[in-house]
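# Close look at the chain arrangement
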Amino acid sequence: MKKTALDFWVGLFVLCGFVALLFLALKAGNMSALSFQPTYQVKMRFDNIGGLKGGAAVKSSGVVVGRVDTITFDDKTFQALVTIDVDKKFQFPDDSSAKILTSGLLGEQYIGLEPGGSEQNLKSGDTIAMTQSAIVLENLISQFLYSKAADSGAASGASAAGAPAGGAGSAAGSTSGGASGSAGANHGAAFPGAAAAMGGSNAAASGAQ
């Protein structure tokens, strides 16, 4: 009796461990939300898919409406060709757009669908033309560093250009002052009679007072 109870608990423990391993395997393979609902396939092309993987969620307004089926490389357009399976109960206009988004800051990536305004719906085998590639964090960091370096270089160039301009202004002021003094001296030398007459007039005015 005791041996039978022990065998039962050991078997139950092994079964729970097997279920846990199966769940982890499905979670790691991004297959924990398998759906057996009828679907239709839609294709789309991206310049960069980032870390998007097969089996990733396809969402619209935060609701899962499908899954990524396959990801291949189109050697004619040199783009990533992504095929998704959308549940047939979710119908989207044929002018809908798709973009690759990220759950949180460093979460897993998924495809977001934004419905258009067309009266015609997507059919199996159609291609979504309007897409937006994934935002790669490394590209954002490199662009930020490049813009900061460009701004620093422009500021240094402006400072270097302002220094000679200030020196040129000071030299121009000195030259102008010297030229004025020289012009006054030359005027007095050229008209000595006028200077003497002006001096005599000033003396007469002082005597009259």
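Now for a look at the structure at hand. (Residues numbered from 1 in each chain as written. Predicted model: local features only at pLDDT ≥ 70, side-chain atom pairs only at ≥ 80, totals over all residues. Heavy atoms only, no water.)

Across its full length, the chain holds 3 helices and 8 strands. Going residue by residue from the N terminus, the α and β elements of the chain occur as α-β-β-β-β-β-β-β-β-α-α. Counting only residues that meet the buried cut, the chain has 19% of its 209 residues in that class. Considering only contacts in the chain between residues 6 or more positions apart, those separated by 24 or more positions represent 65%. (Helix = DSSP H or I, 4+ residues; strand = E, 2+ residues; numbered from the N terminus. Buried < 20%, exposed > 50% of the residue type's maximum accessible area, 1.4 Å probe, protein only. Contact = heavy atoms within 4.5 Å.)

This next bit is on the pattern of salt bridges. Throughout the structure, instances matching the rule amount to 3 salt bridges. Here D126 and K123 are joined by a salt bridge, their closest N and O atoms 3.8 Å apart. By relative accessible area, which is 54% here, K123 ends up exposed. (Salt bridge = Lys/Arg side-chain N within 4 Å of Asp/Glu carboxyl O.)

To continue, consider the packing of aromatic side chains. Using the criterion set out here, one finds 2 aromatic pairs in the structure. Ring centres of F73 and F78 lie 6.4 Å apart, and the angle between their planes is 55°; on these two criteria the pair is classed as tilted. Like F73, the residue F78 is exposed in the burial classification. Directly above the ring of Y110 sits K59, whose terminal nitrogen or CZ lies 4.6 Å from the centroid. (Phe/Tyr/Trp six-rings, centres within 6.5 Å; stacked < 30°, edge-to-face > 60°. Lys NZ or Arg CZ within 6 Å of the ring centre and 35° of its normal.)

What follows concerns unusual backbone geometry. You will see that S61, though not glycine, has its phi angle at about 60°, which is positive. For S61, the location among the structural elements is in the loop between β2 (57–60) and β3 (63–74).

This part is about the nonpolar core. In this structure, M44, V82, I84, I111 and L113 are the most contacted members of the largest nonpolar core, which totals 22 residues. Counting only elements with at least two residues in this core, the list comes to β1 (39–46), β3, β4 (79–87), β5 (97–102) and β6 (109–114). When near neighbours in sequence (up to four residues on either side) are disregarded, M44 contacts A80, L81, V82, I84, A98, I111, L113, T127, I128 and T131. (Core = buried A, V, L, I, M, F, W, Y, C linked by side-chain atoms within 4.5 Å.)

This part is about the pairing of β1. A regular strand places its side chains on the two faces of the sheet in alternate fashion. Where burial is concerned, the two faces of β1 differ: the one with Y40, V42, M44 and F46 is buried and the one with T39, Q41, K43 and R45 is not. In this sheet, β4 lies alongside β1 in antiparallel orientation, the contact comprising 8 bridges. From the neighbouring strand, Q41 faces β4, where its bridge partner is D85. Direction of pairing for β1 relative to strand β7 (residues 127–128): parallel, over a ladder of 2 bridges. Note that in β7 the partner of K43 across the bridge is T127. (Pairing = 2+ DSSP bridges.)

A few words now on the sheet that holds β6. One open sheet accounts for 8 strands, arranged β7-β1-β4-β3-β2-β6-β5-β8; its pairing is mixed. Both outer strands of the open sheet, β7 and β8 (130–132), are each paired with one neighbouring strand and no more.

Moving on to the side chain of S97. Considering the arrangement of structural elements, one finds S97 in strand β5. Residue S97 is classed as buried on the basis of its relative accessible area of 18%. If sequence neighbours within four positions are ignored, S97 has contacts with G112, L113, E114, I128 and M130.

Moving on, we come to a nonpolar patch on the surface. A surface patch of nonpolar side chains, amounting to about 910 Å² of accessible area, comprises L105, L106, I135, L137, L140, I141, F144 and L145. Inspection of the secondary structure assignment puts F144 in helix α2 (residues 137–190). Exposure remark for F144: the relative accessible area of 51% places this residue in the exposed category. (Patch = residues over 30% accessible without salt bridge, like charges linked within 9 Å, V, L, I, M, F, W, Y side chains within 5 Å. Areas by Shrake-Rupley, 256 points an atom, 1.4 Å probe, with all protein chains shown as cover.)

As for its placement among the helices and strands, L101 is situated in strand β5. Relative accessible area serves as the criterion here: at 27%, L101 is assigned to the partly exposed category. C-alpha separation for the pair L101 and S133, spaced 32 residues apart in sequence, amounts to 8.7 Å.

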